[in-house]
Every structure is written in structure tokens, then in C-alpha cells.
Amino acid sequence: MTTETLEALVSTQPPAIGDLRTAGATLELRDVNKSYGGVSAVESVSLDIPSGAFVTLLGASGSGKTTLLRIIAGFETATAGSILLDGEDISRVPVHRRNIGMVFQNYALFPHMNVEKNVEFPLARRGVARADRRRLIGEALEAVELTGFEKRRPTQLSGGQQQRVALARAIVSRPRLLLMDEPLGALDRRLREALQVKIRSLSHDLGLTVINVTHDQEEALSMSDRIALLAKGGLQQ
């Protein structure tokens, strides 16, 4: 994950200041299609996701789930169809203006920055005042149970702790929507199960709308309010 990609995830506009709880966005996908050189990766996907829901896109490799998530995030542009966030068509809105948080499987933390600086990154890019940054960072780290880890580098943390730092960075600026691309895939079974509970509880407590991508059926069943099953680029059930 490059610095440019991470910077694309943060807006130039300061977020409203307050606690981390937010009203999650509604998301509507309308006949979303994506093709590469005539090969269809996503085909006529329509889906309604209510505010505060935890939805998992479940499917095998090549099913189109990650491509669909990248279209929602803005890293990919749909060939056809529309994406409505709280009723606003964001299909052609740049990544950095969508106010969407994202957690990646490989954590995507800056190794030369400590925990505090990693979590601060989106706030600094948005021009949030330093005094407000400190409070928001503290709230985010408390939410993921990492208070006291501010000065540690990513290399001094376990895999589970690194993923919680990535989660804190994703929620610190109170996004309307949180996207997660197989965030637990690199962890062992015990850590995966513990973080499944933590992420599900945190998303509920903060009121977040969450879209999670996984190929793990057990993970999908344990975390989700709803599961969208994809195969060959299409929504099956």
C-alpha cells in the first residue's frame, strides 16, 4: 500500500468534531457492472444496505467481491450503474471526497511512524487542529483497547494489535461507511475469533455501517447482519 493510496482515502475537509459515534450511511448499489477488456468482473449487482448494518460480501476468489468493494471505495470506476451514499450518487466522486474508512488485510501501517502518528495521519491531512487531534486519537485508541501504545512502532506490535491500529485509523475521522477487505485473513484462528467479536461490538457501539469482504463462511456468519453471496461477478443470494 503506497502513501498515495492512503492519502486518497482522506479528505481535505476537516470532519465535525465530537465523539466517535456517528449515524452510519445508507448505501444503494444500482445495476453495478465492471468489465476489463470485455471480461465481466462485476455483473448487474443491486443491493440496499441500511444505516448501521454490518454486511459481508462472501465469495470465493474471483467472485467479484473485492472488485465491488473497490468500486464502492472509489479505487475502481464502475463500467455502468450507480452508487448512492445517503441518497447522493457518488459514482464519479473522487476517493478522498467520499468520507469512507477502509481497513486492509495487510494493515497498511507506516513502519516509520509510531501508533499515534499512524492514527493521526488522516486527521493531519484534513487539517484538524492539533488539540482536537489528540482527543480524537485518544478516543479511537481507547475504542480498540490500545491506550498506552501510542509511542510503539508497528514492528513492536503483534498482528492483532497492528490490525486494531489500522481500525483506529479508519474510524478516527468518523466515516459514514467503513469498508474492510479481508481484514482478519493474515491472523491465526484465535486472533481472528477475538477480533471478530471486537469489530462487531465496536461497529454496533459506534453506529457504523460496515461492508466486510471475506471468503470465510464462518467469519461471515458470526459477524454479519446480512450476507451477500457473490459468484462469477453476480449477486446470487
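Above this text you will find the structure in question.
Residues numbered from 1 in each chain as written. Predicted model: local features only at pLDDT ≥ 70, side-chain atom pairs only at ≥ 80, totals over all residues. Heavy atoms only, no water.

1. A look at the pairing of strand β2 (residues 39-49)
Step number 1: Examined bridge by bridge, strand β1 (residues 27-36) and β2 share seven bridges and lie antiparallel to one another. When the bridges of β2 are listed, Ser-35 appears paired with Ser-40.
Step number 2: Here β1 folds back onto β2 in antiparallel fashion, the turn holding two residues, of which Gly-37 has a positive phi close to 55°. (Pairing = 2+ DSSP bridges. Helix = DSSP H or I, 4+ residues; strand = E, 2+ residues; numbered from the N terminus.)

2. Digging into helix α6 (residues 189-206)
Each α-helix winds once per 3.6 residues, and so residues spaced three or four apart point in a common direction.
Step number 1: Over its 18 residues, α6 extends 26 Å from the first C-alpha to the last, a length consistent with the 26 Å expected when each residue adds 1.5 Å.
Step number 2: Of all the residues in α6, the buried ones are Arg-192, Leu-195, Gln-196, Lys-198, Ile-199, Leu-202, Ser-203 and Leu-206.
Step number 3: Where α6 is buried, its residues touch β3 (54-58), α4 (130-143), α5 (159-171), β7 (177-181), β8 (209-214) and α7 (217-223).
Step number 4: In the stretch just after α6, Gly-207 is the one whose phi turns positive, near 75°. (Expected span 1.5 Å × (residues − 1). Buried < 20%, exposed > 50% of the residue type's maximum accessible area, 1.4 Å probe, protein only. Contact = heavy atoms within 4.5 Å.)

3. Side note on the pairing of β1
Step number 1: As paired strands, β1 and strand β4 (residues 80-85) are joined by five bridges and run antiparallel to one another. Counterpart to Asn-33 in the pairing with β4 is Ala-80.

4. Let's talk about the sheet that holds strand β9 (residues 226-231)
Step number 1: Pairing is mixed in the open sheet, where six strands are placed in the order β6-β7-β8-β3-β9-β10. Of all strands in the sheet, those with a lone pairing partner are β6 (100-104) and β10 (234-235), marking the two edges.
Step number 2: Summarising the sheet, β3 and β8 pair through five bridges and their orientation is parallel. Looking across to β8, one finds that Thr-56 is bridged to Asn-212.

5. What about the nonpolar core?
Here is a general trend for soluble globular proteins: nonpolar side chains tend to be buried in one another's company.
Step number 1: In terms of nonpolar packing, the biggest core is built from 35 residues, with Val-119, Leu-167, Ile-171, Leu-178 and Met-180 touching the most fellow members.
Step number 2: Those elements that provide at least two residues to this core are α3 (115-125), α4, α5, β7 and α6.
Step number 3: Sort the elements by how many residues they give to this core and α5 lands first, with six residues.
Step number 4: When neighbours within four sequence positions are excluded, Leu-167 is seen to be in contact with Val-103, Val-144, Leu-178, Ile-199 and Leu-202.
Step number 5: Ranked by size, the runner-up nonpolar core spans 31 residues in total, among them Leu-29, Val-45, Val-93 and Ala-228. (Core = buried A, V, L, I, M, F, W, Y, C linked by side-chain atoms within 4.5 Å.)

6. Regarding the pattern of salt bridges
Step number 1: Throughout the structure, instances matching the rule amount to 13 salt bridges.
Step number 2: Among the ionic pairs, Glu-28 bridges to Arg-30, the shortest N-O distance being 2.9 Å.
Step number 3: Close ionic contact of Arg-176 with Asp-86 constitutes a salt bridge, the shortest N to O distance being 3.8 Å. Taken together, the positions of Arg-176 in the loop between α5 and β7 and Asp-86 in the loop between β4 and β5 (88-89) put the pair 90 residues apart, joining distant regions of the chain.
Step number 4: Looking at Arg-176, the relative accessible area reads 21%, which means it is partly exposed.
Step number 5: What makes Asp-86 partly exposed here is its relative accessible area of 39%.
Step number 6: A single salt-bridge network, built from bridges that share partners, covers Glu-28, Arg-30 and Asp-48. (Salt bridge = Lys/Arg side-chain N within 4 Å of Asp/Glu carboxyl O.)

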